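Take a look at the letters that make up each chain.
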Amino acid sequence: QVQLVESGGGLVQTGGSLRLSCAASGRTFSDYAMGWFRQAPGKEREFVAGITRRGISTYYADSVKGRFTISRDNAKNTVYLQMNSLKPEDTAVYYCAARSGIAYHTLANEYHYWGQGTQVTVSS
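Here we summarise the structure given alongside this text. No experiment lies behind these values; they were computed from the predicted model shown.

1. Considering the pattern of salt bridges
Opposite charge on two side chains makes pairing possible when the charged atoms of those side chains draw close.
So, point 1. What the rule picks out here adds up to five salt bridges.
So, point 2. In this structure, Glu110 engages Arg99 in a salt bridge whose closest nitrogen and oxygen atoms are separated by 3.2 Å. Taken together, the residues span a long stretch of sequence, with Glu110 in the loop between strand 9 (92-100) and strand 10 (113-114) and Arg99 in strand 9 at a distance of 11 residues.

Written out as structure tokens, the structure reads:
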């Protein structure tokens with residue numbers, strides 16, 4: 001089992017920044033590729049960013065490319081999502097997820113473990 005706990009969400013104005021953290025415990029963190037997803041009210045959960053288990057490769061949804069950065073520190077068992085130039089449409093609950101193996105995936109059902117989520121609200 002892997003336990004994931006997100007933090008760092010909050011209320012920010014348009015154009016502002018937030019950094020989300022996701023702390024993992026349980027199994028060996030570096031055995032898992034990690035992803036960030038988000039879900040806005042009334043919408044499907046969507047992929048935001050993914051990172052391979054060693055942090056060598058990353059991938060982003062088109063909607064956040066150039067504004068968000070995913071990174072990980074395997075020594076701290078933590079994955080991060082730096083969010084810059086935030087827009088009202090970024091408002092959602094953000095979840096981190098762990099997937100056994102080397103590569104991330106853009107489909108939520110490919111991930112084995114999920115955190116409880118952290119709310120990000122961007123005001124206009």
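Once you've had a look at it, read on.
2. Describing the state of the cysteines
So, point 1. Evaluation of the coordinates by the stated rule reveals one disulfide.
So, point 2. Cys22 shares a disulfide with Cys96; S-S distance 1.9 Å. The chirality of the disulfide connecting Cys22 with Cys96 is right-handed, given an S-S dihedral of about 50°. Of the two residues, Cys22 sits in strand 3 (residues 18-26) while Cys96 sits in strand 9, which places them 74 residues apart along the sequence. The pair Cys22 / Cys96 is uniform in exposure class, with both members buried.

3. Remarks on the packing of aromatic side chains
So, point 1. For the structure shown, the criterion picks out eight aromatic pairs.
So, point 2. Measuring from ring centre to ring centre gives 5.1 Å for Phe37 and Tyr111, while their planes differ by 80°; the resulting arrangement is edge-to-face. Residue Phe37 is found in strand 4 (residues 32-39), and its partner Tyr111 is found in the loop between strand 9 and strand 10; the two are separated by 74 residues along the sequence.
So, point 3. What makes Phe37 buried here is its relative accessible area of 0%.
So, point 4. Each ring, one from Tyr59 and one from Tyr104, has its centre 6.1 Å from the other, and the planes form 10°; the classification is stacked. Separated by 45 residues along the polypeptide, Tyr59 in strand 6 (residues 58-60) and Tyr104 in the loop between strand 9 and strand 10 bring together distant segments of the chain.
So, point 5. These aromatic residues form a ring-pair network of at least three members: Phe37, Phe47, Tyr59, Tyr95, Tyr104, Tyr111 and Trp114.
So, point 6. Above the ring of Tyr95, the side-chain terminus of Arg45 is found at 3.8 Å from the ring centroid.
So, point 7. Directly above the aromatic system of Phe29 lies the positively charged group of Arg72, at a separation of 4.3 Å from the ring centroid.

Cut-offs used in this document
- Residues numbered from 1 in each chain as written.
- Predicted model: local features only at pLDDT ≥ 70, side-chain atom pairs only at ≥ 80, totals over all residues.
- Heavy atoms only, no water.
- Salt bridge = Lys/Arg side-chain N within 4 Å of Asp/Glu carboxyl O.
- Helix = DSSP H or I, 4+ residues; strand = E, 2+ residues; numbered from the N terminus.
- Disulfide = S-S within 2.5 Å.
- Buried < 20%, exposed > 50% of the residue type's maximum accessible area, 1.4 Å probe, protein only.
- Phe/Tyr/Trp six-rings, centres within 6.5 Å; stacked < 30°, edge-to-face > 60°.
- Lys NZ or Arg CZ within 6 Å of the ring centre and 35° of its normal.

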